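Report on the structure
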Amino acid sequence: QVQLVESGGGLVQPGGSLRLSCAASRSIINISVMGWYRQAPGKERELVALISSGSTNYSDSVKGRFTISRDNAKNTVYLQMNNLKPEDTAVYYCYAKFSWSSRGFWGQGTQVTVSA
């Protein structure tokens, strides 16, 4: 079993920045993929950004504004979010799939609200 704990959400004005963190209870060296999804009210959960051993993947809506990174020593993945827009408002969920597990793991989510 793996626990994923998100932090860094909050209320920010349009154009502002936030950095989300996702700390895993186990080493992330052997992840297949790890990253972020989000779910806005009344909408389905959607991919934001993923990182694996050699690549990153972003949704078109966040390319050029969000950056995903990892710190293996801290078992943590980050999402730097710049130039935030009201449409970025959602609950952001951390996701991790490890090479040794047949299923992925989810965090509890952190709320991001972009509003003036």
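Our subject in this report is the structure included herewith. (Residues numbered from 1 in each chain as written. Predicted model: local features only at pLDDT ≥ 70, side-chain atom pairs only at ≥ 80, totals over all residues. Heavy atoms only, no water.)

Moving on: the environment of Phe98. You can see Phe98 is positioned in strand β9 (residues 90–98). For Phe98, a relative accessible area of 0% puts it in the buried group. Sequence-wise, Phe98 and Ser32 are 66 residues apart; in three dimensions their C-alpha atoms are separated by 5.1 Å. Excluding its chain neighbours within four sequence positions, the residues that come into contact with Phe98 are Val2, Ser27, Ile28, Asn30, Ile31, Ser32 and Phe105. (Helix = DSSP H or I, 4+ residues; strand = E, 2+ residues; numbered from the N terminus. Buried < 20%, exposed > 50% of the residue type's maximum accessible area, 1.4 Å probe, protein only. Contact = heavy atoms within 4.5 Å.)

Here four strands make up an open sheet; going across it, the order is β1-β3-β8-β7 and the pairing antiparallel. Unpaired on one side and paired on the other, β1 (4–7) and β7 (66–71) mark the two borders of the sheet. For this sheet, the mean inter-axis angle between neighbouring strands, taken without regard to orientation, is 15°. One ladder, built from four bridges, connects β1 with strand β3 (residues 18–24); its direction is antiparallel. Paired with Glu6 across the strands is Cys22, a residue of β3. (Pairing = 2+ DSSP bridges. Axes fitted to C-alpha atoms, helices over the stretch in contact; angles between N-to-C directions.)

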